[in-house]
Amino acid sequence: MIAENTQTQMRKGILEYCILSIISRGEIYASDIIAELKRAQLLVVEGTLYPLLTRLKNNGLLSYNWQESTSGPPRKYYQITHEGNEVLQKLDVTWKELVFAVETSLQGRNESNN
Amino acid sequence: MNKTIIININSIVFHIEEEAYETLRSYMIDIKRHFGKSSDSQEILLDIENRIAEMFSEKIHAGRKEVISLDDVNHVISQMGKVSDFEGETEEDIYEQANANSESETHSHIPYSAPVDKKLMRNADDKIFGGVCSGLGAYFNMETKWMRLIFVCFFLFGGSGIMLYIILWIVMPVAVSRADKMAMKGESPTLQNFKKSFEEEIQGLNPHFSKAKSEIAKGTAAVGSGVSKVGRFFLRLIAFFILIVCALTLFGLAIACIGFITGVLGYQREMVFPGTEFLNTPQAIVALIAGTLAIAIPFFALFQLMLRILFRTQPLNHYFSLGLWATWISSIIAVVFFSFIGAQEFKESSTIKVEKPINAQKVYYISEKDVRLIEASEVDKNGKKFKIELNGEDLEYALRRDISINFESIDSLAKPYIQYNYFARGRTYQAATTNAAEINYLANQMDNKIIFNSHFGINPDKKYRDQSVSATLYLPVGSRVVIDKSIEYKLRDLSFWDCQRAYDSDEEVKSTEWIMGRTGLQCTPRFLPIEKKSDTEQTEAAVEDLVKQAEKHAKEAEEHARKVEEEANKLSERVAVTVQ
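Residues numbered from 1 in each chain as written. Chains lettered and ligands numbered in written order. Predicted model: local features only at pLDDT ≥ 70, side-chain atom pairs only at ≥ 80, totals over all residues. Heavy atoms only, no water.

A.B. asks: Residue-level account of the sheet that holds strand β2 (residues 62-67) of chain A, with values.
C.D. replies: All names here are of chain A. Ordered by their spatial adjacency, 3 strands build an open sheet running β1-β3-β2, and the pairing between neighbours is antiparallel. Two strands in the sheet have a free side with no partner beyond their single neighbour: β1 (28-29) and β2. Of the pairings in the sheet, the one linking β2 to strand β3 (residues 75-80) comprises 6 bridges and is antiparallel in character. Residue pairing in the sheet places Gln67 in a bridge with Arg75 of β3. (Pairing = 2+ DSSP bridges. Helix = DSSP H or I, 4+ residues; strand = E, 2+ residues; numbered from the N terminus.)

Take a look at the structure:
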């Protein structure tokens, strides 16, 4: 259970970061975000994505505009805001720190194991 | 061949198979339940619905088909994710876990520990006819088969089970959504339970359709809808009947109220509500209106309810219904209050006794004068407007006829008289006495005729206080009395009817003859010899009586004499002894 909790928490933090990164590349549709995440082997169902996107949008990190679709209702295309970019840069820094921290501790463990 | 349903997701129309629709519907209900708590639920739900609509459109374009199947829906759900997949990934859970994961733990570890209120619903997933038994089983924590057995037993006892089943079928709602089903089983609507229920359904899906039972179920479904239609028709019929009864009652109450009020105001005397005469006029009107409202408002409420059931009219305005409640309660209070006031006026009673001598006659002709009948010659008004008077007073008076007439015997030499007892009630003894004193009622003697008025009057302002008059004629023994039929109903101790029959006459007997005996009036038709015979019989009996008494006295005297003699003998013996 503790492992599960930690896993969930880890994935949760990374998910937001990944989504922001994907969107920062340009206007993108929700199902395309999913496709990207799947390609990155971060398994997510679409139902999880919408609350996240809504929250990021409400925090001012994202914005969207409606675009006509050939197959069905108009789609919401998301794009990153200026504020979102700032947050992303901060997250980039944090991520590098984390990677360093994790790598360092992993190294230490591997060494002690060896 | 499958039935399809037309649905509309964000104004795009889809044809969808029935099973697929049910699955989609309960999925959407679950999703709404899941996101309902968060503040952005509206937007999230809209996004999800849009996406589902888009995926459906893609399916239709890709598959070159027109109808969404169950497979399509299941595919969409797997892509969108079950509610159970959202767990631990949404804002709520972040929040919950940040909060020292106390709440989420109670949710995940003991999900069934807190039973919620169960709802009595029909279980559509496990049914033979209407799912009544399985619903009852879930409600009473019984296996469905036992519940079915009970119903079969009921059916064997005079078929009462069928009636009960049909009533329950009509009354119990069917559990449609997953939330309903969980409420039916008494599970709390947590995510885990949703997940469990969903998985149960997925597992139960295939065996369910393979069961032969489902064939029976389909066959009876048509009968079932027929039964509930007939039931609904009867219920509507009953509701309509109640509606009409209520309307007529309200109408009748309105008429009665108006009638009684005119009665109180004195416009008519035929319709006076019993009891209102105890009160003065304004009080009586208020009491009548309050009484009418106290009865009418519940009927009105019932009327309104039936209207709503039958014609789906709008419920009453909130303030209006609140006002009705208040009016109803105050009417009841008013009725109780006026009943109390009315009763107070009758608390004490008083009787005034008056003796009036009458002239001794050989024969007394007792008759009644109807005061409501005016003899024009008597009044002599030259054919002009007649004025009704009673004892010289205007008949603005309310007429009362609580008059009784009795006869008592007195010594043959005593002077005859009439004793009047005027009786009335009141709030105090003083008031009762005043009320009694206000009764003005005396018989008129014209030579050998004694005429009693049919009524006595009481001032309308004084109101009814149970006033009554009892007149007792004390007549010497041997007086002859002729009683007119008109006064028959005023007699209390005598039976005019019995005496009338003693006449053996085909003609109508207008009056009866009586003679005052020592014990009261004796019926003596036409004062004929029979009565003399009876009179002599009476005297003979009296003589016999006297003889017997005399004999008794003689015996006593004899006894006494014997005793005295014995005493004397003893004494003389003693004297003799002492002398010796």
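A.B. asks: Requested: an account of unusual backbone geometry, with residues and values cited.
C.D. replies: It is generally the case that most residues other than glycine have a negative phi and that most peptide bonds are trans. All names here are of chain B. If you check the backbone angles, Asp447 has positive phi at about 55° while not being a glycine. In this fold, Asp447 is placed in the loop between β11 (444-446) and β12 (449-453). The exposure class of Asp447 is exposed, given its relative accessible area of 63%. In this structure, Asp466 takes a positive phi of about 65° despite not being glycine. The partly exposed category is assigned to Asp466, whose relative accessible area is 23%. (Buried < 20%, exposed > 50% of the residue type's maximum accessible area, 1.4 Å probe, protein only.)

A.B. asks: So, the environment of Asn65 of chain A: which residues are in play, and what are the values?
C.D. replies: All names here are of chain A. Inspection of the secondary structure puts Asn65 in strand β2. Put simply, Asn65 and Arg75 are 10 residues apart on the chain and 8.2 Å apart in space, counted from C-alpha to C-alpha. For Asn65, the residues in contact, after removing those within four places along its chain, are Glu27, Arg75, Lys76, Tyr77 and Gln79. Within the local environment of Asn65, its side chain forms a polar contact with the side chain of Glu27, the two groups lying 3.1 Å apart. (Contact = heavy atoms within 4.5 Å. Polar contact = N/O pair within 3.5 Å; in protein donor to acceptor, adjacent residues only side chain to side chain.)

A.B. asks: Can you lay out the nonpolar core for me, pointing to particular residues and giving the numbers?
C.D. replies: Counting residues in hydrophobic clusters, the biggest one holds 47 residues, and the most contacted among them are Ile19, Ile23, Leu37 and Leu53 of chain A together with Ile52 and Phe56 of chain B. Of all the elements, helix α2 (residues 41-63) of chain B adds the most residues to this core, at 7 residues. Once residues lying within four places of it in the same chain are set aside, the contact partners of Ile52 of chain B are Ile9, Leu24, Tyr27, Met28, Val76 and Met80 of chain B. (Core = buried A, V, L, I, M, F, W, Y, C linked by side-chain atoms within 4.5 Å.)

A.B. asks: Before we move on, could you go through a nonpolar patch on the surface and cite the residues and values that matter?
C.D. replies: Residue and element names in this part refer to chain B. A cluster of nonpolar residues, Leu120, Tyr139, Phe140, Met142, Trp146, Leu149, Ile150, Phe154 and Leu164, forms a patch on the protein surface that exposes about 790 Å² of accessible area. A total of 4 residues in the nonpolar patch trace back to one element, the largest contributor, which is helix α8 (residues 144-156). Tracing the sequence through the fold places Trp146 in helix α8. The exposure class of Trp146 is partly exposed, given its relative accessible area of 46%. (Patch = residues over 30% accessible without salt bridge, like charges linked within 9 Å, V, L, I, M, F, W, Y side chains within 5 Å. Areas by Shrake-Rupley, 256 points an atom, 1.4 Å probe, with all protein chains shown as cover. Salt bridge = Lys/Arg side-chain N within 4 Å of Asp/Glu carboxyl O.)

A.B. asks: Outline the state of the cysteines, listing residues and values.
C.D. replies: Residues and elements named next belong to chain B. Tallied over the full model, the rule gives 1 disulfide over all chains. Note on cysteine connectivity: Cys499 is disulfide-linked to Cys523, with sulfurs 1.9 Å apart. As the torsion about the S-S bond is roughly 80°, the Cys499-Cys523 disulfide counts as right-handed. Of this pair, Cys499 sits in helix α17 (residues 496-501) while Cys523 sits in strand β17 (residues 521-523), and the two are 24 residues apart along the sequence. For Cys499, a relative accessible area of 2% translates into the label buried. (Disulfide = S-S within 2.5 Å.)

A.B. asks: Now, about the pairing of strand β10 (residues 417-426) of chain B: what can you tell me, with residues and values included?
C.D. replies: Residue and element names in this part refer to chain B. Buried residues dominate β10, accounting for 7 of its 10 residues. One ladder, built from 10 bridges, connects strand β4 (residues 348-357) with β10; its direction is antiparallel. Residue pairing in the sheet places Thr351 in a bridge with Phe423 of β10. Pairing geometry for β10 and strand β14 (residues 468-476), over 7 bridges, is antiparallel. Note that in β14 the partner of Tyr417 across the bridge is Tyr474.

A.B. asks: Describe the packing of helix α13 (residues 281-311) of chain B against helix α14 (residues 318-344) of chain B, listing the residues and the values that go with them.
C.D. replies: Relative placement of two packed helices is described by the angle separating their axes and the distance separating the axes. Residue and element names in this part refer to chain B. The contact between α13 and α14 brings their axes to 8 Å, and the two run at 135°. The orientation of α13 with respect to α14, classified from their angle, is oblique. Our pair here, α13 against α14, has a crossing hand that is left-handed. Seen from α13, the contacting residues are Gln283, Val286, Ala287, Ala290, Gly291, Leu293, Ala294, Ile297, Pro298 and Phe300; seen from α14, they are Phe320, Leu324, Thr327, Trp328, Ser331, Ile332, Ala334, Val335, Phe338 and Ile341. In terms of residue class, the contact of α13 with α14 is built from 16 nonpolar, 4 polar and no charged. (Axes fitted to C-alpha atoms, helices over the stretch in contact; angles between N-to-C directions. Parallel < 35°, antiparallel > 145°, perpendicular 65-115°, else oblique. Left-handed = near helix turned anticlockwise from the far one by under 90°. Nonpolar A, V, L, I, M, F, W, Y, C, P; charged D, E, K, R; others polar.)

A.B. asks: I'd love a proper account of the side chain of Glu513 of chain B, names of residues and values included.
C.D. replies: Here Glu513 of chain B is to be found in strand β16 (residues 511-516). Judged by relative accessible area, which is 14%, Glu513 of chain B ranks as buried.

A.B. asks: Run through the pattern of salt bridges, naming residues and quoting values.
C.D. replies: Two side chains carrying opposite charge are able to pair once their charged atoms lie near each other. Enumeration over the complete set of coordinates arrives at 16 salt bridges over all chains. Across the salt bridge formed by Glu54 of chain B and Arg75 of chain A, the nearest N and O atoms sit 2.1 Å from each other. With Glu54 of chain B in helix α2 and Arg75 of chain A in strand β3, this residue pair bridges two chains. For the residue pair Glu54 of chain B and Arg75 of chain A, the accessibility class agrees, reading buried in each case. A single network of salt bridges, built from pairs that share partners, joins Lys57 and Lys76 of chain A together with Glu43 and Asp47 of chain B.

A.B. asks: Describe the sheet that holds β10 of chain B, listing the residues and the values that go with them.
C.D. replies: All names here are of chain B. Reading across from one edge, β4-β10-β14-β9 is the order of the 4 strands in this open sheet, with mixed pairing throughout. The open sheet has two free edges, formed respectively by β4 and β9 (403-410), since each of these has just one partner strand. Geometrically, the sheet is characterised by an average inter-axis angle of 20° between neighbouring strands, direction not taken into account. Two elements, β9 and β14, share 8 bridges in a ladder whose sense is parallel. Residue Ile410 lies in a different strand from β14, and its bridge partner there is Pro476. Together, β4 and β10 form the strand contacts of helix α16 (residues 429-437), whose direction differs from that of β4 by roughly 35°.

A.B. asks: Tell me about the UniProt feature "transmembrane region" (unreviewed entry) in chain B, and please be specific about residues and values.
C.D. replies: Residue and element names in this part refer to chain B. UniProt records the feature "transmembrane region" (unreviewed entry) for residues 149-176, 237-265, 285-307 and 319-341 in the present numbering. Between the C-alpha atoms that bound residues 285-307 there is a distance of 31 Å. The span itself is 100% helix and 0% strand. End-to-end, the C-alpha atoms of residues 319-341 are 32 Å apart, and along that stretch the chain is 100% helix and 0% strand. (UniProt positions renumbered as here; feature names shortened; annotations may be inferred.)

A.B. asks: Please set out the packing of aromatic side chains residue by residue, giving values where relevant.
C.D. replies: In total, this model carries 12 aromatic pairs over all chains according to the counting rule given. Seen from their ring centres, Phe233 of chain B and Phe234 of chain B are 6.0 Å apart, and the 70° between their planes marks the pair as edge-to-face. Since its relative accessible area comes to 48%, Phe234 of chain B is described here as partly exposed. Seen from their ring centres, Trp325 of chain B and Trp328 of chain B are 5.9 Å apart, and the 80° between their planes marks the pair as edge-to-face. Taken as a pair, Trp325 of chain B and Trp328 of chain B lie in helix α14 at a separation of 3 residues, close to a single helical turn. Taken together through their ring pairs, the aromatic side chains of Tyr64, Trp66 and Tyr78 of chain A make up a single cluster. (Phe/Tyr/Trp six-rings, centres within 6.5 Å; stacked < 30°, edge-to-face > 60°.)

A.B. asks: Tell me about the packing of helix α3 (residues 46-58) of chain A against α2 of chain B, and please be specific about residues and values.
C.D. replies: It is at 9 Å that the axes of α3 of chain A and α2 of chain B come closest, and there the two elements cross at 135°. For the element pair α3 of chain A / α2 of chain B, the angle class is oblique. Regarding α3 of chain A and α2 of chain B, the two cross each other, and that crossing is right-handed. Contacts from Glu46, Tyr50, Pro51, Thr54, Lys57 and Asn58 of chain A of α3 of chain A reach α2 of chain B at Glu43, Ile44, Asp47, Ile48, Arg51 and Met55 of chain B. Classifying every residue of the contact of α3 of chain A with α2 of chain B by side-chain character gives 5 nonpolar, 2 polar and 5 charged.

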